[in-house]
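Working through the structure, step by step
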Amino acid sequence: QVRLVESGGGLVQAGGSLRLSCSASGPISTYDVGWFRQAPGKEREFVAGIIWRAGATDYVDSVKGRFTISRDNAKNTVYLQMNSLKPEDTAVYYCAGRPPKLAWSRDDYGYWGQGTQVTVSS
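The structure displayed is predicted, hence computed values, not measured ones.

We now examine the overall build of the chain. When you go through the chain residue by residue, the secondary structure sums to zero helices and 11 strands. In the chain, the succession of α and β elements from N to C terminus is β-β-β-β-β-β-β-β-β-β-β. Scaling as 2.2 N^0.38, a compact globule of 122 residues should have a C-alpha radius of gyration of about 14 Å, and the chain matches this with 13 Å. Taken over the C-alpha atoms alone, the chain extends approximately 40 × 25 × 25 Å along its principal axes. In the chain, buried positions account for 44% of the 122 residues. Contacts in the chain between residues at least 24 apart in sequence constitute 57% of all its contacts with a sequence separation of at least 6. Surface accessibility of the chain: about 6300 Å² in total, with carbon and sulfur atoms responsible for 48%. Computed over 14 positive and 11 negative side-chain charges, the inter-centroid distance for the chain is 4 Å.

Glancing now at the nonpolar core. By size, the foremost hydrophobic cluster in this structure holds 29 residues, and its most contacted members are Trp-35, Leu-80, Met-82 and Tyr-93. Sequence-distant contacts of Leu-80, that is, excluding residues within four places in its chain, are made with Leu-18, Arg-19, Leu-20, Trp-35, Val-47, Ala-48, Phe-67, Thr-68, Ile-69 and Tyr-93.

Moving on, we come to the sheet that holds strand β1 (residues 4–7). Spatially, four strands are ordered β1-β3-β8-β7 in an open sheet, and the strand pairing comes out antiparallel. The sheet terminates laterally at β1 and β7 (67–72), the two strands that pair on one side only. On average, each strand axis in the sheet is inclined to that of its neighbour by 15°, with strand direction left out of account. In the sheet, β7 pairs with strand β8 (residues 77–82) via six bridges, with the strands oriented antiparallel. Looking at the pairing, Ser-70 lines up with Tyr-79 of β8.

The next subject is the packing of aromatic side chains. Overall, the coordinates contain five aromatic pairs when judged by the stated rule. Relative to Tyr-111, the ring of Tyr-31 has its centre 6.0 Å away and its plane inclined at 45°; by these criteria the two rings are tilted. Residue Tyr-31 is located in the loop between β3 (18–24) and β4 (32–38), and its partner Tyr-111 is located in strand β10 (residues 111–112); the two are separated by 80 residues in the primary sequence. A relative accessible area of 13% places Tyr-31 in the buried class. Look at Tyr-111 and you get partly exposed, because its relative accessible area is 23%. Relative to Trp-112, the ring of Phe-36 lies with its centre 4.9 Å away and its plane at 55°, an arrangement referred to as tilted. Linking Phe-36 in strand β4 with Trp-112 in strand β10, this pair joins segments that are 76 residues apart in sequence. Overall, Trp-112 belongs to the partly exposed group, its relative accessible area being 29%. Members of the aromatic cluster, connected to one another through ring pairs, are Phe-36, Phe-46, Tyr-109 and Trp-112.

What counts and how
- Residues numbered from 1 in each chain as written.
- Predicted model: local features only at pLDDT ≥ 70, side-chain atom pairs only at ≥ 80, totals over all residues.
- Heavy atoms only, no water.
- Helix = DSSP H or I, 4+ residues; strand = E, 2+ residues; numbered from the N terminus.
- Rg over C-alpha atoms; globule rule 2.2 N^0.38 Å.
- Buried < 20%, exposed > 50% of the residue type's maximum accessible area, 1.4 Å probe, protein only.
- Contact = heavy atoms within 4.5 Å.
- Areas by Shrake-Rupley, 256 points an atom, 1.4 Å probe, with all protein chains shown as cover.
- Lys, Arg positive; Asp, Glu negative; His and termini not counted.
- Charge placed at Lys NZ, Arg CZ, Asp CG, Glu CD.
- Core = buried A, V, L, I, M, F, W, Y, C linked by side-chain atoms within 4.5 Å.
- Pairing = 2+ DSSP bridges.
- Axes fitted to C-alpha atoms, helices over the stretch in contact; angles between N-to-C directions.
- Phe/Tyr/Trp six-rings, centres within 6.5 Å; stacked < 30°, edge-to-face > 60°.

Shown next as structure tokens:
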């Protein structure tokens, strides 16, 4: 079983940057990993994902060109670099992991972290 712990959230002004980290207790290098977020009163949404085998990435349209997901397998850590932050990026951000699937999908994750708050002020 993999335990995931997020860190790096905080308060930042619009236009600023944050880097979130997702540290895993197990060998996350063989897992697909995704970042999700949930704003108050809204459903949780997919933000970005990285496929373990090829390192290919996927982003929701609203963050393309601003966010970058990456992984350091030696450190069992996945990162989400967030630049040009907007107030609408305010949410609790979660990382999630799963064994790789035959076909990529943005859902169906079995392991979740506890979340880290990101607040972007205008």
